Amino acid sequence: MTDCLFCRIVSGEIPSERVAETDAVVAFRDVDPKAPLHVLVVPRIHVADVGELADAEPATVTELVQVARQVVADSGQESYRLVFNTGEEAGQTVFHAHVHVLAGRPLSWPPG
Ligand code: DGP
């Protein structure tokens, strides 16, 4: 039993709409989408953020990006944005590493 939301999604205890998975990562649709395509790709191991993931399992950081790219390709999109909110001030609310995959509409810059 864990109180980490994304660990519970990875284990299947909390349902999600999965779009891809590998031995190391799981990709599922964000419950509050900010773009027509908004998927989260998360490592199966619990680490708080992408920096910790880079220290613990550097190959899994690469896999997050590869799976993100595949999810975008499968959706028929070409342009996309990957976002790693890291730390409270940067907007991170779930402290299990994840990358937001956003596509399907024009995305402005800079972000808020
Ligand atoms: P962040 O703010 O970067 O930590 O992103 C967390 C994201 O997680 C946010 O966009 C909403 C999403 N989220 C929160 N709870 C759930 C849930 O229960 N299911 C799914 N699929 N996504 C969730």
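Worth saying up front: this structure is predicted, and the values here are computed from it rather than measured.

## Concerning the side chain of Q92
Thinking step 1. Relative to the helices and strands, Q92 resides in the loop between strand 4 (81-83) and strand 5 (99-103).
Thinking step 2. In terms of polar contacts, Q92 uses its side chain to reach the backbone carbonyl oxygen of A48, at 2.9 Å.
Thinking step 3. Within the structure, Q92 has its side chain in polar contact with the backbone nitrogen of G87 (distance 2.8 Å).

## A short note on helix 3 (residues 58-75)
Thinking step 1. Taking 1.5 Å as the rise per residue, helix 3 with 18 residues should run 26 Å; its terminal C-alpha atoms sit 27 Å apart, in good agreement.
Thinking step 2. Looking at helix 3, one finds that the buried residues are T60, L64, V67, A68, V71 and V72. For helix 3, the angular spread of buried residues about the axis comes to 140 degrees, placing them on one side. Helix 3 presents A59 and R69 as exposed residues on the side facing more than 90 degrees away from its buried surface.
Thinking step 3. Considering only its buried residues, helix 3 is in contact with strand 1 (18-21), strand 2 (25-29), strand 3 (37-43), helix 2 (50-56), strand 4 and strand 5.

Rules and cut-offs
- Residues numbered from 1 in each chain as written.
- Predicted model: local features only at pLDDT ≥ 70, side-chain atom pairs only at ≥ 80, totals over all residues.
- Heavy atoms only, no water.
- Helix = DSSP H or I, 4+ residues; strand = E, 2+ residues; numbered from the N terminus.
- Polar contact = N/O pair within 3.5 Å; in protein donor to acceptor, adjacent residues only side chain to side chain.
- Expected span 1.5 Å × (residues − 1).
- Buried < 20%, exposed > 50% of the residue type's maximum accessible area, 1.4 Å probe, protein only.
- Arc of directions from axis to C-beta.
- Contact = heavy atoms within 4.5 Å.

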